[in-house]
Amino acid sequence: MTVTLSIDGVSVRVPAGSTLLAAARAAGRHVPTLCHDPKTKPFGGCRACLVRVEGEARPVAACTRPVAGGMVVRTDDAAVRALVTGIVQLQLSDHPEHCTACAASGHTELHDLAAALGIGADNPFAGRRREQPTEDTNPFIIRDFSACIACGKCIRICDEVRGVMAINWQGRGFGLKVAAPFDDVLDCEFCGHCVDICPTGALREKLAEGLPAPDRAVKTICGYCGVGCGMLVQVAGNRVVRVTAEHGNPSNDGALCVKGKFGYDFGDHPDRLGGTGLKLGATTGERVAAPLVRDGDGFRPVSWDEALDRVAQGLLGIKRAHGPRALAGFPSAKCTNEENYLFQKLLRAGLETNHIDHCTRLCHAASTKGLQMAFGTGAMTNATDDFALADVVFAVGTNTIENHPVSALKLKEAIRKGTRLIVADPRRIEMVEWADIWLDLQPGTNAALLLGMLHVILAEGLADQAFIAARTEGFDDAARAAARYTPEFAARITGVDPQKIIDAARLYGRAGNAAIYNGMGITQHTSGTDNMLCLTNLALATGNVGRPGTGVNPLRGQNNVQGSCDMAGVPAELPGYQPILDPAVRAKFTGVWHAGIPDWIGKTLTEITDAALAGEIKGLYVLGENPVLSDPDVTKTTAALGNLDFLVVQDIFLTETAKLAHVVLPGTTFLEKDGTFTNTDRRVQRVRAALAPPEGALRDLDIIQAVARRVGLPMDYDGPEAVWNEIRQVWPDVAGIGYRRLEEGGIQWPCPAEDHPGTPFLYADTFPIGRGRFHPVEFIPPRELPDTDYPYMLTTGRWLLHYHTGSMTRRSRGIGEALPEGFVEIHPDDAAALGLAPDQPVTVRSRRGTITVRALISPRSRPGVVFIPFHFAEAAANALTNTALDEKCKIPELKVCAVHIAPAPEP
Amino acid sequence: MQRPPDNYPRIFVGTGSCGLAAGADAVFEAAKRFVRGAGQDIHLIRTGCLGMCHREPVVEVLIPGRPRVIYGDVTADGVAELLGRHFSPVGPEAAGHTVGQRTADAESLPYPDILPIALHPFFAGQAPLLLARCGVVDPHSLVDYEASGGYSAIRRALGMHPKEVIARVRRSGLAGRGGGGMLTGDKWALAAAQRDTERYVIANGDEGDPGAFSDRTLMEGDPHAVIEGLMIAAYATGAHRGYIYTRAAYATALHRLEVAIAFCRKRGYLGEGIFGTGYDLNLHIRKGSGAYICGEETALIATLEGRGPMPEEKPPLPAVKGYLGHPTVVNNVETLVAVSHIVGTEDDALAALAAKTKLLSLSGAIARPGAVEVPMGTSLREVIFGIGGGVAGDRRFKAVLVGGPDGGFLPEHLLDTPVSFAALSRIGSTLGSGALVVVDDSTCMVALARYFEQFEADASCGKCTPCRVGTVRLVERLDRIIAGHATAAELDTLRDLCGVVREGSLCGLGRAAPNPVTSALRHFGDDFKAHLEGYCPTGACTTGEDAP
Ligand SMILES: Cc1cc2nc3c(=O)[nH]c(=O)nc-3n(C[C@H](O)[C@H](O)[C@H](O)COP(=O)(O)O)c2cc1C
Ligand code: SF4
Ligand code: SF4
Ligand code: FES
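Residues numbered from 1 in each chain as written. Chains lettered and ligands numbered in written order. Predicted model: local features only at pLDDT ≥ 70, side-chain atom pairs only at ≥ 80, totals over all residues. Heavy atoms only, no water.

(A) Local environment of the overall build of chain B. Looking only at helices and strands, one finds 22 helices and 14 strands in chain B. Taking 2.2 N^0.38 as the reference for a compact globule, 548 residues should give roughly 24 Å; the C-alpha atoms of chain B span a radius of gyration of 24 Å, in line with that estimate. Along the first, second and third principal axes, the C-alpha atoms of chain B reach 75 × 60 × 40 Å. When the 548 residues of chain B are sorted by exposure, 60% land in the buried category. Contacts spanning at least 24 positions in sequence make up 71% of the contacts within chain B whose residues lie at least 6 apart. With 53 positive and 61 negative side-chain charges, chain B shows a separation of 5 Å between the mean positions of the two kinds. (Helix = DSSP H or I, 4+ residues; strand = E, 2+ residues; numbered from the N terminus. Rg over C-alpha atoms; globule rule 2.2 N^0.38 Å. Buried < 20%, exposed > 50% of the residue type's maximum accessible area, 1.4 Å probe, protein only. Contact = heavy atoms within 4.5 Å. Lys, Arg positive; Asp, Glu negative; His and termini not counted. Charge placed at Lys NZ, Arg CZ, Asp CG, Glu CD.)

(B) Quick peek at the interface of chain A and chain B. Facing the 32 residues of chain A at the interface are 34 residues of chain B. Interface area for chain A against chain B, summed over the two sides, is near 2600 Å², with a carbon-plus-sulfur share of 57%. Considering only the side of chain A, the residues that lose the most area to chain B are A:Arg58, A:Leu90 and A:Arg172, jointly responsible for 23% of the buried surface there. Viewed at the interface, chain B and chain A are joined by two salt bridges. Between A:Arg47 and B:Glu313 there is a salt bridge, with its nearest N and O atoms 2.7 Å apart. Counting across the chain A and chain B interface gives 18 residue pairs in polar contact (both at pLDDT 80 or more). Looking at the side of chain A that touches chain B element by element, the count peaks at six residues for helix H2 (residues 78-93) of chain A. Of the residues that constitute the side of chain A that touches chain B, the class distribution is 18 nonpolar, eight polar and six charged. (Buried area = accessible area lost by both parts, 1.4 Å probe. Salt bridge = Lys/Arg side-chain N within 4 Å of Asp/Glu carboxyl O. Polar contact = N/O pair within 3.5 Å; in protein donor to acceptor, adjacent residues only side chain to side chain. Nonpolar A, V, L, I, M, F, W, Y, C, P; charged D, E, K, R; others polar.)

(C) Here's a closer look at the packing of aromatic side chains. Residues and elements named next belong to chain B. A full pass over the atoms with the stated rule returns 27 aromatic pairs over all chains. Seen in terms of ring centroids, Phe34 and Phe87 are 6.1 Å apart; in terms of plane orientation they differ by 25 degrees. Their pairing is stacked. Linking Phe34 in helix H2 (residues 24-37) with Phe87 in helix H3 (residues 79-87), this pair joins segments that are 53 residues apart in sequence. There is no split in this pair, since Phe34 and Phe87 are both buried. A connected cluster of aromatic rings, assembled from ring pairs, spans Tyr145, Tyr151, Tyr269 and Phe275. Between Arg46 and the ring centre of Phe28, over which it is positioned, the NZ or CZ distance is 4.2 Å. The ring of Phe12 carries Arg68 above its face, with NZ or CZ at 3.6 Å from the centroid. (Phe/Tyr/Trp six-rings, centres within 6.5 Å; stacked < 30°, edge-to-face > 60°. Lys NZ or Arg CZ within 6 Å of the ring centre and 35° of its normal.)

(D) Region of the structure containing the pairing of strand E19 (residues 420-424) of chain A. Residues and elements named next belong to chain A. With respect to burial, E19 is a largely interior element, four of its five residues being buried. Relative to E19, strand E18 (residues 392-396) runs parallel, the two being bridged by five bridges. In the strand pairing of E19, Val396 is matched with Ala424. Direction of pairing for E19 relative to strand E20 (residues 437-439): parallel, over a ladder of three bridges. The residue of E20 that forms the bridge with Ile422 is Ile437. (Pairing = 2+ DSSP bridges.)

(E) Region of the structure containing the environment of A:Asn513. Residues and elements named next belong to chain A. Relative to the helices and strands, Asn513 resides in the loop between helix H19 (498-510) and strand E22 (514-518). Separated by 365 residues in the primary sequence, Asn513 and Cys148 place their C-alpha atoms 44 Å from one another. Contacts of Asn513, omitting those with residues within four sequence positions, involve Leu389, Ala390, Asp391, Val392, Asn544, Arg547, Pro548, Gly549 and Thr550.

(F) How the structure looks around the side chain of A:Asp8. Here A:Asp8 lies in the loop between strand E1 (2-7) and strand E2 (10-15). Once residues lying within four places of it in the same chain are set aside, the contact partners of A:Asp8 are A:Arg29, A:Val73, A:Arg74, A:Thr75 and A:Asp76.

(G) Inspection of the site of ligand 1 at higher detail. All names here are of chain B. In the neighbourhood of ligand 1, 19 residues make up the surrounding shell, with Gly178, Lys187, Glu207, Asn332 and Thr335 lying closest. In the environment of ligand 1, an oxygen atom lies 2.9 Å from a nitrogen or oxygen atom belonging to the side chain of Asn331. Between ligand 1 and Asn332 there is a distance of 2.7 Å, counted from an oxygen atom to a side-chain nitrogen or oxygen. Bound to the protein, ligand 1 loses 91% of the 600 Å² it would expose on its own. Secondary-structure elements contributing two or more residues to the shell around ligand 1 are strand E9 (328-332) and helix H20 (508-512). Element by element, the count of residues in the shell around ligand 1 is highest for E9, at three residues. In terms of residue class, the shell around ligand 1 is made up of four nonpolar, nine polar and six charged. (Near = heavy atom within 4 Å. Areas by Shrake-Rupley, 256 points an atom, 1.4 Å probe, with all protein chains shown as cover.)

(H) Up close: the nonpolar core. Counting residues in hydrophobic clusters, the biggest one holds 112 residues, and the most contacted among them are A:Tyr621, A:Leu665, A:Ile737 and A:Val844. For this core, the element with the highest residue contribution is helix H8 (residues 304-322) of chain A, accounting for eight residues. Taken domain by domain, this core gets at least three of its residues from each of domain 2 (313-362 + 560-748) and domain 4 (792-903) of chain A. Every residue in contact with A:Ile737, bar those within four places of it in the chain, is listed here: A:Val684, A:Trp724, A:Arg728, A:Leu742, A:Ile747, A:Trp749 and A:Cys751. Grouped together as the second largest cluster of nonpolar side chains are 99 residues, A:Cys46, A:Val84, B:Leu474 and B:Leu494 included. (Core = buried A, V, L, I, M, F, W, Y, C linked by side-chain atoms within 4.5 Å. Domains from an automatic or database assignment.)

(I) Expanded view of the pattern of salt bridges. Enumeration over the complete set of coordinates arrives at 80 salt bridges over all chains. Notably, a salt bridge pairs A:Glu339 with A:Lys673, separated by 3.1 Å at the nearest N-O pair. Here A:Lys673 lies in the loop between strand E28 (663-666) and strand E29 (675-678) and A:Glu339 lies in helix H9 (residues 337-350), a separation of 334 residues in the sequence. Of the two residues examined, A:Glu339 and A:Lys673, each falls in the buried class. With its nearest N and O atoms 2.9 Å apart, the salt bridge here joins B:Arg381 to B:Asp416. Placement of the pair is B:Arg381 in helix H15 (residues 380-387) and B:Asp416 in the loop between strand E13 (409-411) and helix H16 (421-426), with a sequence separation of 35 residues. Assessed through its relative accessible area of 26%, B:Arg381 is described here as partly exposed.

Set out below in structure tokens:
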């Protein structure tokens, strides 16, 4: 239904229910606003948007008034303008006179409006101002309420968009203010969304205090996680002043999380490789802005030429002496598509090895493998936008709210609008508060739970027989395997109330559109692939594939882990999931690369480590990864890397891994490079350099090319676009995605042609493997379970404030300050049994190692199960974890192992 | 509750808030001791207030077959003597505490020396219809209520189609008593016409204007009538859940409403299938925090939803989009009591009568403060000088604040304005809640305007700029004038400021907030002029040289 009305003499048609403000904008008329935000409910408080509606006695707030047919509206009425002038003068009468806060924050909407209304310094309504103390107790946000105009946008964003409700109104009238509960200091998720939308300087980035005004803003993509948020990096000189969210980017549309918003200054940290602050050895105090080569137990700086020569000699020497199979490389899920593409090209075509793998193995190898087995492609079937289109979301082993906080906003919004949520997770994470059903399973029992659900779906006739018949195969075997998993049987294994298993199965099975989202809670198991196959079985059985709001969707962890997989940072494929054993595929690549490609399948990450330990692999080139911390069993990884004849690490910090290297090449951060990232929705997005690299560092793309040339592979691309164009040539799914098109915004592959819009969801009509395949699955318990020596079950994961091994977030001023230390989360009952006090140091010991961390006593964990985040080197969770592998995809069982816990001895 | 036979003598003690404040509890206890020692069966009853705040505590005595006699200014010490005499052959005394006798027949007076209340100046000008039960019946008693015609209106309504009920209310011409004056039938029809069938009704008993207390009188004295009106509103608009919203400070009213609702539930008048029909209705009581703004309907709804009391821009009206986003009828308590009278009668003329009376709360410098009910059209002069007995003491009338601070001050020469929404708004005032605060000539109007402007500033929720900041600026400017620091030009800024607040504010509070200042400026300009010249015309303000 539409409504026609007249605005300033222009007739406009707008949807019924629109506001006058929307109609005015549709008519191309400018109506000023201060309290309006399109993402939140209209407020109507600032009164800047008053307009005249014919036939009404008093002016009307355009932002709140719904349109009505035949309305005659004037936005240019002189009396109304005078009234708004008076209102803004009132507003300014309670605002610092020469408001430096607004200028410094870059938020001058109030002052801009005053200027537009011709308001001068002389204020007829001047009077006493509210004096409110400025709060700057947290490391991120300064709250300076003398500049606040009570527009309430911060409160509404925090509630309606973020779902956090950290702040609310307090008091009333002139004393009205924005306050945290009990008027305490702000203690929230620090996403900074309120800072971005505040129209004045009342909310400011603490990190920007005292910095000069930005001279440019660079649009790029956040380098922290797979959500792929668009952001604007405001830069002064070669320094980031602040980061704000990009509006209109479908990944985040105006939102960021604490890491993206505040975690940008790690590149300036004194530890930065190639930066002028780095000192080698605490004693010498020598500052080194250069590559490093091993010198006894330490390093010495060398020129780039020397460093690169060393790398080439080291790698070629091993190749000559031991053959190419003695060489391996770890590309990086943090690096761009172009870098990853060139890196694997260097290894395959230049060094003739296929021993290429990276940390995706540790996170989502099971997802990729399972999805490939069932559907044919190892990517999310749908996108995070589909939260809104799903009637039911089944979130399995994903702490979306903490690990993909911005995607979680879409989930929260969907839930507010009626989407139902089922959460399967052993811990009482925040997701549980948003869920209709919480399946609180014992860690490592996912398959039993999911088989139980499949059993109920089949037993109660909730399966989509037509879909099964038309589009799938292998149903009978899978059904037979599920037959014995009655809810009661599944309940015995999982510890979940059988009624909840039935309820969840019914909710999922009866939904019009049901979507599964999974995280690493389901993949990092020896049964990881089986668990995924349970999910694909559920989706196939209920016909929840190939439509919007359905599918099976692994939420990828790292910013470009989708891209690093697409670019074949894996042992058995060439870019675009093209099998390396297929001669036609190899021939195609050889045609473009003008180089031979080894025709064998390389080793996986964990196998490479084993081979290094065994002395079979002697040379390793690591690009921006920190396997020492991210891989299971730190002791073993350290020994393996120490056993290498030659280790090159290209990174931005002297990580735990880089410390073992023979040559360290200072690379660049995501803020210093151009290229593309592919987010978890398969959306390819343009990354743009906001900063120049520090003097001793080089862009990673240039480093890789320089190494390639030195090992005899000609590489001379004219920047990342040229690399990308070659990728388009070899991988048809991105052929239609050119840099020029990316200027307009990201595109989801497959996109085979320039005029193709991209593909929001996969498998609408068919699967690449023809029919979707069911797979029979049996529950297999985790390899290592608690026993009398190691009575607790340890599970690992991430924490909102930090990212991966912490090398970036822990070197960001704000974030490092907010959560500087690791911890072990333990249930109050267990803490009581162990006699632990909050924050007390405890030693956690497994069969592989021991760490000391503080106890965080919290009912989030379940009794008998403890949780340790893996971001912290000095308390590395992966010193404890098990290297046992899933046979199908070689993912290690990071999510479950047995540990012993005791109070730490007094130091 | 066992009801004593009707042939018992009865003693009624007015225990409305005003009575309680004056010591009615102690009077009740003393009366109880008297009854115990009286050696005969006497029924002692607590009632609400009959409106005579100036004579509290009030006690009435009824000997079967004779009229009720009203006593005022009763004390705990004196009540035994007074009652003893009443029940003795001597009978009630003609003067002293005696206010009058309730009798329909003024000719042959059962107590020849006692004034029939129809001739008492306080009651003479009144037409108690909505107040008729207040102070007369036991507010808790369902039996009393039903004996006096209660719950016949909802029974009638349940026998009609909801549309007919709405039509009936429409025909009566009833306009909302909460201040907005929207036609009640129209409001109901709007809610009933919404597609969304999850609907709510709310009785607004917040009553936050200074000087208003007539809603409290109704809730304390006749709670069942409020409930019955809300039942009818709910049935007519198809709501199955309703709320009665009152400030926490109205503890007596809250208690009586709670008891009344509990009786109704027990009797099947509320809950599933009320009065044996297939219609379900549940009513709940909600306590407000007592901020004036909580009475504004959208702010009220916000607090019911658990948000802070901040109004929302209208439209959409609550009848379209109210509680939890669903159509919601908010009606004032007095409106609802009128509804129960309108729907309760088949007689159109009687219904129209019920639609055309108004409760007023008289206070301030008036001889006979109290809650009164007059037919619309009665002049303010009659109310103040007739019923209210004029200005208290030997001062002269200076102004009357009508409808709370929102209505502004009226001077003597406008006192012939009738009590009516239209007539008052024509002269820039408003009937509002029906509060009349009389001001005598010892008062400086600048200081009084400042006092009420401060009230507005304190009452502002702060949501919108003009009201949040503007009211504070008004107070500051009045302070300068009072202190004698202002120039004539500042009066123009003051007027501009009033205009910005009035025209720019979001809700009724801000829009009416400048009224104390604008009305004082208009009608009492001399007081301002005097201050500009450095003195206070009444000597009440510290002005000029003496100013701090
Ligand atoms: C500041 C403000 C305070 C109000 N307070 C009350 C109140 O206490 N009681 C009341 O019935 N209406 C009050 N109203 C009016 C209500 O918003 C609403 O119009 C009324 O309850 C509707 O009932 P009616 O149609 O029966 O009059 C107030 C309005 C404003 C602007
Ligand atoms: S802090 Fe900023 S966003 Fe929040 S109410 Fe004040 S001015 Fe508005
Ligand atoms: S006019 Fe006053 S009370 Fe009403 S919304 Fe605005 S600030 Fe609040
Ligand atoms: S933008 Fe409409 S009132 Fe603020």
